[in-house]
Amino acid sequence: MEATVDVKRALGSSRLVTLTGVGGTGKSRLALHVAWELRRAFADGVWLVGLAALRDPALLRDTVASALGLTDRSNRDPETVLVNYVAEKRLLLVLDNCEHLLDDSAHLVARLLRAAPGLRVLATSRAPLDITGEYVWQVPPLSLPPEGSPPSADCGRRYEALELFEQRAADVVSGFALTDDNTAAVARLCRRLDGLPLAIELAAVQLRTLSVEQILERLQDRFQLLAHGDRAAPARHQTLRAAIEWSFELCTELERTVWARLSVFPGEFDMTAAEDVCVGEGVLVEEVFTGVAGLVDKSLLIKRGETQGARYRMLETIRQYGREQLSKEKEETVRRRHRDYYLRLAERAEADWFGPDQAQWLERFHAEQPNVRVALEFCLTRPGQARTGLRMAGALYWYWIVRAVRDGRWWLEQALACDTEPSPERANALWGVGYLAVIQGDTAYALVVLSECVDLARVFDDEITLGHAQQFLGLARWFADELPAAAAAYEQAVAHYRNAGAQGSLPAVVLCCLGTVVGMLGDSERGVALCQECVTDCQANGERWGRSWGLWHLALAHWLQRDLPQVTAYATEALRLKHALHDHLGISWCVEMLGWVAAAEEDAQRAAVLFGMADTLWEQIGEWLTGWATAREWSSQCQTKARDILGSRVYEAALQQGKRFTLEETVAYVLGEQPHTEPVAPVAASELPLTRREREVAKLVAQGMSNKDIAVTLMVARRTAESHVEHILTKLGFTSRTQIAAWFTEQGFR
């Protein structure tokens, strides 16, 4: 067990190790396991002192002395007796459950360690003792299989949570074991229970009357469900509620209040968010930090990251208990503050989007997605709040476009359905959902909502919203190959933006889109100039998303001119920017285009690999060339060309190899960096469908010999040589001798 090794190593370098963690994480279990394994390392023994039942601090010294077997009946000070006893001893003292006696435990341990150089102390506590030399080891929940990959029974036993459930379930239901049929459900249950050993053990007990699936269904009220455990266990470990209540009782009034208010955060949060949500009604802003720090010390909050970027989260079990402490009125108030904070954050990010901080904003909101969803849900389930939901979902257009097209469209559509009255917020949400629909290839729906957006924007005399609507109407027309209509819509968008003096990513990107359309209509010089204007505008503002699209459109303009070196240069530069932003849609377009280039240059092997990579990327994001028929045709022609050069078998092998690349490996391969995968190699000779004689014939074909020459060289009849060549063409799926020659060379044969 890795944790055991880590704690033993810690005890080797520090004389006091404190195992901390929320109730039920298995601190005592781990301490006892470590103590058992170290029993031979201490000449004077390993001694366990259980403190959970001790309520009077004055009895602490006597309790420790009694555990060590001391029977001193004199009138001497118990602490002095202890100090004298351990002074020359080499022993390990395990103090289990110190959290309710922290001050007295810390004082006693510090004095004992000063007096006894051979003493080691292993303590368990929900908060550190906070004395010099203490090594604090946070006991994590049990290991769990990752989301999205239902494990098999054999795989499940590699995870501590599933292994514990299997052991405890077998105690309750004779013959219970993890199987391929039940492991996925057990994994879901263990995840819902945060990997907490106590919760898992209590859940396993329910198998006496319920199936695993039924336990999952009833888990919403986990404190009532998990209410029966081992009657011989300490009271605080007999039910999940008792374990959490024990922690609650140890908290100060401020910590309890902050705990309850922080329970509205479904995911991670930072200190600024905590202060904004928890302040008020008797809690000052400076007190929120004190409360958070106390909850971290007591292992009720998990801290991630360093001071500058520290983020916090609660285990779901802790969060649910905290929610119970909020009255309905207080919960509504706190949830509204939570919503208001993320609304302000979204609008701040929107205002700051056209600048150098795009990557930071994208990462910030990627981490905040659980909070964003809860904030939007609040808007759409409370009377009179739907318009605020429209406002918030619309302000997040930049995030939806780059990172979450499906989520964004869903939230915008929900908000639009909840508030159908004409408003500037509705107009803003309409162009956002229209843009996302075009990206998904749903042009018919996009045209409907964008037309409504135009009408509303005119009612409210909103030039910028008109610009957005016309821009995405242009995109819809472009993808429908209605190029004159697309150009007209783009020209109108540019005019609206200029009338409003608008600056931003979208006003910049409309230039390169217009540039591509006019280029496809024949004005290549203006097309390139407009794309370059977009790139220059974005670069001047430190903006990367719009610039990456400007570069991609420049690559497309040069593709139309068949200037392949320029296509490669611009598409590669665009890929670097898009990778930095984790813009998966943009990355897919770049890889696809570079596949076209490789095919056009007759680098068929690389083209096939790139097309395989692109297929995987499109599949992962659920969109393929965004419904643009012309691009589909270009791709089809390029793939056919690569297949013709390589032959069906070799092309398919390279395509499948490309499909196995991860995103990071794909980007590394395309950029010529070292990918974390095996290099792309031709199909091994042992895997080829040709016989040895046919490979000899293929070699002679590659040398330029005619069938007559082959017959003479191999001393066979001419008809036999012709038959060999025909068989080779059939097996490899080729139609010409030139393809055989190219294939033979590609394989690296001699």
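Our subject is the structure that appears above.
Reference entry: report on the structure contained in this document. (Residues numbered from 1 in each chain as written. Predicted model: local features only at pLDDT ≥ 70, side-chain atom pairs only at ≥ 80, totals over all residues. Heavy atoms only, no water.)

**Notes on the packing of helix H17 (residues 328-352) against helix H18 (residues 358-367)**
Here's step 1: Between H17 and H18, the least distance of the axes is 10 Å, while the angle of their chain directions is 160°. Between H17 and H18, the angle is such that the two are roughly antiparallel. Every pair of crossing elements has a handedness; the one defined by H17 and H18 is left-handed. Across from Tyr341, Leu345, Ala346, Arg348, Ala349 and Asp352 in H17, the residues of H18 making contact are Trp361, Arg364 and Phe365. (Axes fitted to C-alpha atoms, helices over the stretch in contact; angles between N-to-C directions. Helix = DSSP H or I, 4+ residues; strand = E, 2+ residues; numbered from the N terminus. Parallel < 35°, antiparallel > 145°, perpendicular 65-115°, else oblique. Left-handed = near helix turned anticlockwise from the far one by under 90°. Contact = heavy atoms within 4.5 Å.)

**Examining unusual backbone geometry**
Here's step 1: The residue Glu281 is not glycine, and still its phi comes out positive at about 50°.
Here's step 2: With respect to the helices and strands, Glu281 occurs in the loop between helix H14 (271-278) and helix H15 (285-297).
Here's step 3: On the basis of relative accessibility, which here comes to 52%, the residue Glu281 falls in the exposed class. (Buried < 20%, exposed > 50% of the residue type's maximum accessible area, 1.4 Å probe, protein only.)

**What to know about empty space enclosed by the protein**
Here's step 1: As enumerated under the stated definition, the model contains two cavities of 30 Å³ or more in all.
Here's step 2: In this structure, the largest cavity encloses a volume near 280 Å³.
Here's step 3: Along the wall of the largest cavity there are 20 residues; nearest its centre are Tyr435, Leu475, Phe479, Trp549 and Trp589.
Here's step 4: Contributing elements (two or more residues each) for the lining of the largest cavity: helix H23 (424-439), helix H25 (463-479), helix H27 (505-520), helix H29 (545-560) and helix H31 (584-600).
Here's step 5: When residues of the lining of the largest cavity are assigned to their parent elements, the largest contribution, five residues, is made by H25.
Here's step 6: Along the lines of polarity and charge, the residues of the lining of the largest cavity split into 16 nonpolar, three polar and one charged.
Here's step 7: In this structure, the second largest cavity spans a volume of roughly 30 Å³.
Here's step 8: As for the second largest cavity, its lining consists of Met613, Thr616, Leu617, Gln620, Phe661, Thr662, Leu663 and Thr666. (1 Å grid on protein atoms, 1.4 Å probe; cavity = no way out; pocket = protein on both sides within 12 Å on 5 of 7 lines; lining within 4 Å. Points joined across faces, edges and corners; volume = space filled by probe spheres on them. Nonpolar A, V, L, I, M, F, W, Y, C, P; charged D, E, K, R; others polar.)

**So, the sheet that holds strand E2 (residues 46-50)**
The strands making up a sheet are joined through hydrogen bonds of the backbone, oriented either antiparallel or parallel.
Here's step 1: Reading across the sheet, the five strands line up as E2-E3-E4-E1-E5 and stay open at both edges, with parallel pairing between neighbours. Lying at the two open borders of the sheet, with one neighbouring strand each, are E2 and strand E5 (134-138). Each strand of the sheet is rotated relative to its neighbour by a mean of 20°, with strand direction disregarded.
Here's step 2: In this sheet, strand E3 (residues 91-96) lies alongside E2 in parallel orientation, the contact comprising five bridges. Looking at E3, one finds that Trp47 is bridged to Leu93.
Here's step 3: The strands that helix H1 (residues 2-13) touches are strand E1 (16-20), E3, strand E4 (119-125) and E5; relative to E4, the one it contacts most, it runs at about 135°.
Here's step 4: Relative to E4, helix H5 (residues 102-115) is tilted by about 165°, and along the sheet it contacts E1, E3 and E4. (Pairing = 2+ DSSP bridges.)

**Structural notes on the nonpolar core**
Here's step 1: Among the nonpolar cores identified, the biggest contains 212 residues, and Phe165, Leu262 and Trp478 are the most heavily contacted of them.
Here's step 2: Phe165 has contacts with Phe176, Val186, Leu189, Cys190, Ile200, Ala203, Ala204, Leu207 and Val212, leaving out every residue within four places of it along the chain. (Core = buried A, V, L, I, M, F, W, Y, C linked by side-chain atoms within 4.5 Å.)

**Some remarks on the packing of aromatic side chains**
Here's step 1: Applying the stated criterion across every chain yields a total of 30 aromatic pairs.
Here's step 2: Taken together, a centroid distance of 6.1 Å and an interplanar angle of 50° make the contact between Trp589 and Trp628 tilted. Here the residue Trp589 occupies a position in helix H31, and Trp628 occupies one in the loop between helix H32 (604-621) and helix H33 (629-646), the gap between them amounting to 39 residues. Like Trp589, the residue Trp628 is buried in the burial classification.
Here's step 3: The rings of Trp478, Phe479, Trp549, Trp552, Trp559, Trp589, Trp596, Trp618, Trp628 and Trp634 are connected pair by pair, giving a single aromatic cluster.
Here's step 4: Positioned above the aromatic ring of Trp36, the side-chain terminus of Arg39 is 3.7 Å from the ring centre.
Here's step 5: It is Arg409 that lies over the ring of Tyr445; its NZ or CZ is 4.6 Å from the centre. (Phe/Tyr/Trp six-rings, centres within 6.5 Å; stacked < 30°, edge-to-face > 60°. Lys NZ or Arg CZ within 6 Å of the ring centre and 35° of its normal.)

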